[in-house]
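Spelled out, the chains give:
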Amino acid sequence: MNQSQTHPPEGQDRQADGSRGSANIPVWQWRYFNNPTTYLGLGLAVCGGAPILHFYNIWWASAFVVCAIFGLLALVNLTVRGAMGDRHARTWATASQIFLVTVWISSAAALFTTGDRAAWMIAGVIPFSWVLHILFTGQRDLRTMLGVLSVCALPLVSFLLISAWLTFDAWIAIPASFSAIAMCASIAASANWSSRQQRELRNSMAATQAAKERLEFVLEAAGDGFFELDFTTMKYTPNETLARFFGQEPVVRGLDELKDRIHPDDFDDLQVSIARSAAGDDETSSIDLRAQMASGEYRWVQVRGRVLKENGSRIMLGVVTDLQKRKQMEEELRTAKEKAEASSKAKSEFLANMSHEIRTPLNGVLGMAQALDADDLTPDQKRKVAIILDSGKALTGVLNDVLDLSKIEAGKLDISPVPGDLLHTMKRVRQLFQTAADEKGLTIGARYSAELPQRLVYDPVRVRQCVSNLLSNAVKFTPAGSIEIGISSEELADGAHMVKIDVVDTGIGMTVDVQEKLFAAFTQADGAITRSFGGTGLGLAISRRLARMMGGDLTVESVPGTGSTFTLTFRAEVAQAEAPAEAQAAPQPASGASLSMRNKRVLLTDDNAVNRQVIKLFMAPLGCQVTEATNGKEALDALATQDFDIVLMDVHMPVMDGTEAIRRIRAADAPWKGIPVIALTADAMSGDRERYIGMGMTDYVSKPVDQRELSSKMLAALNLGAPAEAGRKAG
């Protein structure tokens, strides 16, 4: 007389959608049946067989009990599995419930046919109990359900108990009494279970509503509105914020209405994105487009969407974010970047032009001075030529400072450490400034630590450059007194040394404010210093950057009116003991080179007559045969009619420049296609050497041309070895 109400065992795992896959749910487990409702149902089935046994026989009673128990257990098993997510079990649970009701109604009909009034009472209670089960299962409030149960069931149960004990024997009255009490308990248990399910449903709905509100808040915070798009109907629903953005009401709308709100150039892209999501190609999407606001203004927005499954259909949840400010910022940054690139390009072009225009005449000055220096001159004439060379080198140093700064800023200046004698390097640097110091009555002293290794691996060119800048400033800004160079080193944990070079002067000194801007490019202490002492304000800025590239730094301590102490530090490795690198690198007299280069045929191509004269003077001691050309076309004509061993070619020339000439030389189907070509150019910007070698030049020499450098590179291009080696072979 009961309808079993069951629920899944506590702790049973569920899937994200509240169900488990059928394959993961066991077909039978004892815990499915371990609940009070099942026990009451089994008791009712057994007790319900007693009236059948009384009015019929043991076989009909046994058949009823077996069928009732089987139907009850099947219903419990299938109901629990269905609640756990087994959809097939849910379908069969309905069938088992129908079977169980049929068994009980059949027993009621059998009892009714006996004609006994007590049997009629039992037969009437059976369908009435099913009605109460259905009634109470649908109620929500447990207190109300129990009140109705007491009004409806208790009088009937009391009457049933009285009739059973007055009509039947004790062996029938006892099961009938148990059935009556169990019926009420079963109905109450069902009511309790239903109430609990309703509470859980209400809590779940409240949690769902809270989650929805949180999601809406997150979506609102993440963008400027959101929407839902149903792929089945192809209609979208904007929230209030998004609808207000478009100047619309937050109601369901068709996608065709978007055509008037999306910029014509962006609508097709939006359609393609939606189509891909609808087809299942993209589960997530993002697109930037221009949308028309309520005011009629188009603004950039970003539409991000994610495809979700809801009630068997696919929808897209999308967020719209206003990008107008970001797009404006990007445009401003793009414009600023273009201006900066244009400014950088203009600066590079200016530096290249300035370098070219200064180096070309400077090549004539220094070239002639080098040629004079090689002649037999009196000591006085030698000093005059030395001054010309020093002045020209100083001017070249200014150019190199500008270009070095450009290379450092572009990240294209490299440090090249080689083994060398640091004390020898410092001695040569000191000698460069001794004459200027003597003229001002200054003394330049030197001290060094006994622990300083004799040979170190460092970049002598960059160290000379840094110390030269410091000594130049010390001589310039010290009207009287002395300058001292201190050299020491400290061994590091890895065996390397941190070399420290102090340049101490007794000059004018400087304030703290001046020190703070001392290492900025193109900056002097103040305008008075620029007028009084001159200078570009590049030397210290470059020296600090070089020091940091070498693993050290450049710092200053100064007191106005007392003097300054500049400290250069750089990292150096200890070198193996051998002959000083600088002594090895000192060029030998041109005798060795002249033996190697004698009678070599050189094609000199340059549109500047002074430059050609300088190079011819350089070539004269080497015994080369020089043929001149003023542009690339003349050079090609000469190559076609004469034999040459090497070509020295300027780059910037009229009629045909050097770049076109080298292109035609390398592309020619002629024996001179692979002739060595050395570029002689005033282009000395970062990357120029690599660019010209990439065009097909064999090597590169920048103007003003150094005679020894040119000789060395010509020997290398002709595979004749270094000048010193050539001299030894000749000897």
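Small disclaimer: the values here were computed from a predicted structure and weren't measured.

S.K.: Even after reading the chapter, I still don't get the overall build of the protein, so can you show me in this structure?
M.R.: Looking only at helices and strands, one finds 23 helices and 18 strands in the protein. Residue burial in the protein is summarised as follows: out of 731 residues, 43% are buried. In the structure as shown, the protein presents an accessible area of about 37,900 Å², 56% of it carried by carbon and sulfur atoms.

S.K.: Would you mind showing me how to read the sheet that holds strand β4 (residues 284-292) here?
M.R.: Pairing between the strands of a sheet is mediated by backbone hydrogen bonds and can be parallel or antiparallel. Judged by pairing direction, the sheet is antiparallel, and its six strands sit side by side in the order β3-β2-β1-β6-β5-β4 without closing on themselves. For this open sheet the edge positions go to β3 (253-254) and β4, each flanked by a neighbour on one side alone. Sheet topology places strand β2 (residues 235-238) next to β3; two bridges connect them, and they run antiparallel. Bridge pairing in β3 places Tyr 236 opposite Arg 253. Sheet strands in contact with helix α8 (residues 264-278) are β1 (226-230), β4, β5 (298-310) and β6 (313-322), and its direction is about 155° off that of β4.

S.K.: What is the right way to look at the pattern of salt bridges in this model?
M.R.: Any two side chains of opposite charge can pair if their charged atoms end up close together. Counted under the stated rule, the structure contains 26 salt bridges. Put simply, Arg 548 and Asp 553 hold a salt bridge, and the shortest N to O gap is 3.0 Å. A salt bridge links Asp 637 to Lys 633, with the nearest nitrogen and oxygen atoms 3.4 Å apart. On the criterion of helical spacing, the pair formed by Asp 637 and Lys 633 is a turn pair, its members being four residues apart in helix α19 (residues 632-641). Asp 637 sits in the partly exposed class, given a relative accessible area of 40%. What emerges from the salt-bridge pattern is a single network uniting Asp 288, Arg 326, Lys 327 and Glu 330.

S.K.: Would you mind showing me how to read the packing of aromatic side chains here?
M.R.: What describes a pair of aromatic rings is the distance from one ring centre to the other and the angle between the planes of the rings. Across all of its chains, the model carries three aromatic pairs by this definition. Consider the rings of Tyr 458 and Phe 570, whose centres lie 6.3 Å apart with planes at 40°: the pair is tilted. Of this pair, Tyr 458 sits in strand β9 (residues 456-458) while Phe 570 sits in strand β13 (residues 563-574), and the two are 112 residues apart along the sequence. The burial state of Tyr 458 is the same as that of Phe 570; both residues are buried. Here the aromatic rings of Tyr 692 and Tyr 700 are separated by 6.3 Å at their centres, their planes lie at 20°, and the arrangement is stacked. The pair Tyr 692 / Tyr 700 is uniform in exposure class, with both members buried. Residue placement shows Lys 327 over the ring face of Trp 300; its charged tip is 4.7 Å from the ring centre. One Lys or Arg, Arg 691, reaches over the ring of Tyr 692 and ends 4.7 Å from the middle of that ring.

S.K.: Explanation requested: a nonpolar patch on the surface in the structure shown.
M.R.: On the surface, a cluster of nonpolar side chains totalling about 510 Å² of accessible area is made up of Val 27, Trp 28, Trp 30 and Tyr 39. Its place among the elements puts Trp 28 in the segment before α1 (36-55). Of the residues examined, Trp 28 reaches a relative accessible area of 54% and is grouped as exposed.

S.K.: What should I look at first to understand the pairing of strand β15 (residues 625-629) in this one?
M.R.: Sheet topology note: the strand β14 (residues 601-605)/β15 ladder contains five bridges and is parallel. Note on β15: the bridge partner recorded for Leu 603 is Thr 627. Taken together, β14, helix α18 (residues 609-619) and β15 form a β-α-β motif whose crossover is right-handed.

S.K.: What is the right way to read the nonpolar core from this model?
M.R.: Buried together is how nonpolar side chains tend to be arranged in soluble globular proteins. The biggest cluster of nonpolar side chains holds 38 residues, and the ones touching the most others in it are Leu 422, Val 463, Ile 501, Leu 568 and Phe 570. Put simply, the parts of the chain that give this core at least two residues each are α11 (422-439), β9, α12 (460-476), β10 (482-491), β11 (497-505), α15 (539-549), β12 (553-559) and β13. A total of seven residues in this core trace back to one element, the largest contributor, which is α12. Beyond its immediate chain neighbours, meaning those up to four positions away, Leu 422 contacts Leu 452, Gln 454, Leu 456, Tyr 458, Val 463, Ile 487, Val 499 and Phe 570. Ranked by size, the runner-up nonpolar core spans 22 residues in total, among them Phe 267, Ile 274, Val 301 and Met 316.

S.K.: Sorry, what's going on with the sheet that holds β15 here?
M.R.: Read from one edge to the other, the open sheet built from five strands follows the order β15-β14-β16-β17-β18, with strand pairing classed as parallel. Looking at which strands have only one partner, the edges of the open sheet turn out to be β15 and β18 (699-702). The average undirected angle you get between the axes of adjacent strands in this sheet is 20°. Here strand β16 (residues 646-649) pairs with strand β17 (residues 677-681) via three bridges, running parallel. Pairing of Leu 648 across the sheet is with Ile 678, part of β17. Seen against the sheet, α18 touches β14, β15, β16 and β17 and runs at an angle of roughly 170° to β15.

S.K.: Even after reading the chapter, I still don't get unusual backbone geometry, so can you show me in this structure?
M.R.: The phi angle of most residues is negative, glycine excepted, and most peptide bonds adopt the trans form. Cis peptide bonds are those with omega within 30 degrees of zero, and the linkage from Lys 703 to Pro 704 qualifies with 0°. The topology assignment puts Pro 704 in the loop between β18 and α22 (707-717). The phi dihedral of Asn 599 falls on the positive side, at around 70°, and the residue is not glycine. In this fold, Asn 599 is placed in the loop between α17 (591-597) and β14. Within the chain, Val 655 stands out as a residue other than glycine whose phi angle is a positive 65°. In this fold, Val 655 is placed in the loop between β16 and α20 (658-667). Judged by its relative accessible area of 68%, Val 655 falls in the exposed class.

Analysis parameters
Numbers given to residues run from 1 along each chain, matching the order in which its sequence is written. Totals for whole chains, interfaces and linings use every residue, but because this is a predicted model, local features are given only for residues with pLDDT of at least 70 and side-chain atom pairs only at 80 or more, for both listing and counting. Hydrogens and waters are ignored; side-chain quantities use all the structure's heavy atoms. Numbered from the N terminus, helices here are DSSP runs of H or I no shorter than four residues, and strands are runs of E no shorter than two. Buried residues are those whose accessible area, probed at 1.4 Å on protein chains only, stays under 20% of the maximum for their type, while exposed residues exceed 50% and partly exposed ones sit between those limits. To measure how exposed things are, a 1.4 Å probe is used in the Shrake-Rupley method; for residues, cover is taken only from the protein chains shown. Paired strands, in this sense, are two strands between which DSSP finds at least two bridges. Contact between two residues is taken to exist if any of their heavy atoms lie within 4.5 Å; hydrogens are not considered. All axes here are fitted lines through C-alpha atoms, helices being fitted over the stretch that makes contact, and every angle between N-to-C directions spans 0 to 180 degrees. Salt bridge, as used here, is a side-chain nitrogen of Lys or Arg placed within 4 Å of a carboxyl oxygen of Asp or Glu. Between rings of Phe, Tyr and Trp, where Trp is taken as its six-membered ring, a pair exists when centres lie within 6.5 Å; planes separated by under 30 degrees are stacked, by over 60 edge-to-face, and by other angles tilted. By definition here, charges over rings are those cases where NZ of Lys or CZ of Arg is within 6 Å of the ring centre and within 35 degrees of the ring normal. Two joining distances apply to patches: 9 Å for like charges and 5 Å for nonpolar side chains (Val, Leu, Ile, Met, Phe, Trp, Tyr), and every residue must have over 30% relative accessible area and no salt bridge. The definition of a right-handed crossover adopted here requires that, viewed with the strands pointing away, the path from the first strand over the helix to the second runs clockwise. Residues enter a nonpolar core if they are buried and are Ala, Val, Leu, Ile, Met, Phe, Trp, Tyr or Cys, with the set joined through side-chain atoms within 4.5 Å.

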